[in-house]
Amino acid sequence: MNRLYRYWLIFLRYANAIDLHSAKASGNHDVAAWCRLRISQIDNEIDILRMQG
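Residue numbers restart at each chain and count upward from 1, following the sequence in its written direction. In keeping with the predicted nature of the model, local features appear solely for residues at pLDDT of at least 70, side-chain atom pairs appear and are counted solely at 80 or more, and the whole-chain, interface and lining totals rest on all residues. To obtain the side-chain values, all non-hydrogen atoms of the structure were included, while hydrogens and water were left out.

Asker: Got a sec to walk through the pattern of salt bridges? Specific residues and values, please.
Answerer: Only one rule defines a salt bridge in this text: a Lys or Arg side-chain nitrogen within 4 Å of an Asp or Glu carboxyl oxygen. Across all of its chains, the model carries one salt bridge by this definition. Among the salt bridges present, the one from R13 reaches D43, with a minimum N-O distance of 2.5 Å. Of this pair, R13 sits in helix α1 (residues 2–26) while D43 sits in helix α2 (residues 29–52), placing them 30 residues apart in sequence. The cut-offs for exposure are 20% and 50% of the maximum accessible area for each residue type, with area from a 1.4 Å probe on protein chains only; residues under the lower value are buried, those over the upper are exposed, and the others partly exposed. Judged by its relative accessible area of 33%, R13 is partly exposed. Strands are runs of DSSP state E lasting at least 2 residues, helices are runs of H or I lasting at least 4, and numbering of each runs from the N terminus.

Asker: Got a sec to walk through the environment of L49? Specific residues and values, please.
Answerer: Residue placement: L49 occurs in helix α2. Along the primary structure L49 and R3 are separated by 46 residues, whereas in three dimensions their C-alpha atoms are 8.6 Å apart. Not counting residues up to four positions away in its chain, the partners in contact with L49 are N2, Y5, R6 and L9. Should any heavy atoms of two residues lie within 4.5 Å, those residues are considered in contact.

Asker: Describe in detail α2, supporting the description with residues and values.
Answerer: Take the residue count of a helix, subtract one, and multiply by 1.5 Å to get its expected span. Taking 1.5 Å of rise per residue, 24 residues should cover 34 Å, and α2 covers 35 Å from first to last C-alpha, within 8% of that figure. Where α2 is concerned, the buried positions are A32, C35, I39, I42, I46 and L49. Structurally, α2 contributes buried residues whose contacts are with α1. Remark: G53 follows α2 within two positions and exhibits a positive phi of approximately 135°.

Asker: Residue-level account of α1, with values.
Answerer: End to end, α1 covers 36 Å across 25 residues, agreeing with the expected 36 Å (1.5 Å per residue, within 8%). Looking at α1, one finds that the buried residues are L9, N16, L20 and A23. G27 sits one or two positions beyond α1 and adopts a positive phi of about 80°.

Structure follows, in structure tokens:
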């Protein structure tokens, strides 16, 4: 289950990275900041899962 959840988080990180790129390209700084925050949270969750095993 952890492996599937980790793949899901990696997919979400990829999707947020695409959103971040689009927000930066359009000049929407509020959405870009939100995407950076979300990517940071997802990275933290991925790191926790990797440390658990």
